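Spelled out, the chains give:
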Amino acid sequence: MAVLALFFGLGFSEPASAEAGGFTLEGGAFVLNSFSLSSLGSSNSTSGWNLGIPPTVRAEWWTDRPEGWNFGVVAVPVFFFRSRMF
Amino acid sequence: MKGIVFHKGAPATLHYQFHNFRVTGNYLISRGAASTIKLGGSIIARYLNFDVQSQGVSGRNINFIAFPILNFDWEWALDSSKSLHFRIDTFPTLNGIDGLYDALLALKLGKELFWNEIGIRAFWGGYSPDEATENNNRIAFIGPVVRVRF
């Protein structure tokens, strides 16, 4: 319930200004994933990595103009570490 | 990883980074009673760093690249306070294998400037494994996300 309260409470707080734009934060988990590396046409080099369930986060800022052009910036950090047997 | 040989059955570790930053401009091209469509483009800058190590042998690739991608944003109002939202940033390719695809399908709760979203993010792309380049990397990620507007 605390998570839901945070989710709805933060999201429906009033932005400073429509023209000034607003921030969006995104979080989640990639429950389905595949990852492979290959080199020089060797198609089976390192497929089958088990990544578990890596988290995903991103931060966005967008203008809020109702017409015409809008602009945004999006930052997506992606990092993970895994070990396996070849 | 040219010239590097990893042995089957050996333990290996992978450090992988694919940080990316994009600047997007999109234009409202259609506003109907229930639907709005925006179309535009982004410049995406991405930093790739992967390091595969096994039994003292390391295969590493680091590079930075910036390139243009398409942006498509569609929103369909379900009622006065809920809508479906689809957004994709993509560098599409004819064979559907290469390229970059970053798509969101979400239920938006709220309206105008006061909303949150819950949905599914799909992020996939890379190079065809048949291409004889030195390093090919392919990723496909799908999962649930929540989005909070401040």
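Keep in mind the model is a prediction, meaning the values are calculated, not measured.

**Details of the overall build of chain B**
Part 1: Along the backbone of chain B there are zero helices and seven strands.
Part 2: Listing every helix and strand of chain B by position from the N terminus yields β-β-β-β-β-β-β.
Part 3: Put simply, chain B has 150 residues, and 23% of those count as buried.
Part 4: In chain B, 44% of the contacts between residues at least 6 apart in sequence involve partners at least 24 apart.

**Re the overall build of chain A**
Part 1: Check the secondary structure of chain A and you find one helix and five strands.
Part 2: The N-to-C order of helical and strand elements in chain A reads α-β-β-β-β-β.
Part 3: When the 86 residues of chain A are sorted by exposure, 17% land in the buried category.
Part 4: A separation of at least 24 residues holds for 54% of the contacts in chain A among residues at least 6 apart in sequence.

**Here we look at the pairing of strand β6 (residues 114-126) of chain B**
In regular strands, side chains alternate between the two faces of the sheet.
Residues and elements named next belong to chain B.
Part 1: For strand β5 (residues 99-111) and β6, the ladder comprises 13 bridges, and the chain directions are antiparallel. Looking at β6, one finds that L105 is bridged to I120.
Part 2: Connecting β5 to the next strand, β6, in antiparallel fashion are two residues, including E112 with a positive phi near 50°.

**Details of the environment of B:V23**
Part 1: The topology assignment puts B:V23 in strand β1 (residues 11-31).
Part 2: The class of B:V23 is partly exposed, set by 14 C-beta atoms lying within 10 Å.
Part 3: The sequence separation of B:V23 and B:L70 amounts to 47 residues, and the corresponding C-alpha distance is 11 Å.
Part 4: Discounting chain neighbours no more than four positions away, the residues touching B:V23 are A:V73, B:S42 and B:I43.

**Quick look at the environment of B:T13**
Part 1: On the secondary structure map, B:T13 appears in strand β1.
Part 2: The sequence separation of B:T13 and B:I118 amounts to 105 residues, and the corresponding C-alpha distance is 34 Å.
Part 3: With near-sequence residues (within four places) excluded, B:T13 lies in contact with A:S83 and B:Q53.

**Let's talk about the environment of B:R87**
Residue and element names in this part refer to chain B.
Part 1: As for its placement among the helices and strands, R87 is situated in strand β4 (residues 82-91).
Part 2: Classification of R87 by C-beta neighbours within 10 Å gives partly exposed; the count is 19.
Part 3: Placed 50 residues apart in sequence, R87 and I37 show a C-alpha to C-alpha distance of 9.8 Å.
Part 4: Sequence-distant contacts of R87, defined by excluding residues within four places in its chain, comprise D73 and L104.

**Section: the nonpolar core**
Generally speaking, soluble globular proteins have nonpolar side chains that are buried together.
Part 1: Formed by A:L37, A:V78, B:L14, B:Y16, B:F18 and B:V52, the largest nonpolar core amounts to six residues.
Part 2: In terms of residue count, the dominant contributor to this core is β1(B) (three residues).
Part 3: The residues contacting B:L14, other than those within four sequence positions of it, are A:W49, A:F81, A:R82, B:F50 and B:V52.

**Points about the confidence of the model for chain B**
Residues and elements named next belong to chain B.
Part 1: Confidence in the prediction for chain B averages 86 pLDDT; 87% of positions are at 70 or higher.
Part 2: Between the elements of chain B, mean pLDDT differs from a low of 89, seen in strand β7 (residues 136-149), to a high of 95, seen in β4.
Part 3: In the predicted complex, the global pTM is 0.82; the interface-specific ipTM is 0.85.

**Topic: the confidence of the model for chain A**
Residues and elements named next belong to chain A.
Part 1: When the pLDDT values of chain A are averaged, the result is 75; 60% of them are 70 or greater.
Part 2: Per-element averaging of pLDDT across chain A places helix α1 (residues 2-11) at the bottom with 46 and strand β4 (residues 69-76) at the top with 96.
Part 3: Under a pLDDT of 50 for its full length, residues 1-18 has, in the predicted model, 19 contacts with residues more than four places off or in other chains.

About the cut-offs
Residues numbered from 1 in each chain as written. Chains lettered and ligands numbered in written order. Predicted model: local features only at pLDDT ≥ 70, side-chain atom pairs only at ≥ 80, totals over all residues. Helix = DSSP H or I, 4+ residues; strand = E, 2+ residues; numbered from the N terminus. Buried ≥ 20, exposed ≤ 12 C-beta atoms within 10 Å, placed from the backbone. Contact = placed C-beta atoms within 7 Å. Pairing = 2+ DSSP bridges. Core = buried A, V, L, I, M, F, W, Y, C linked by C-beta atoms within 7 Å. pLDDT = per-residue confidence, 0-100.

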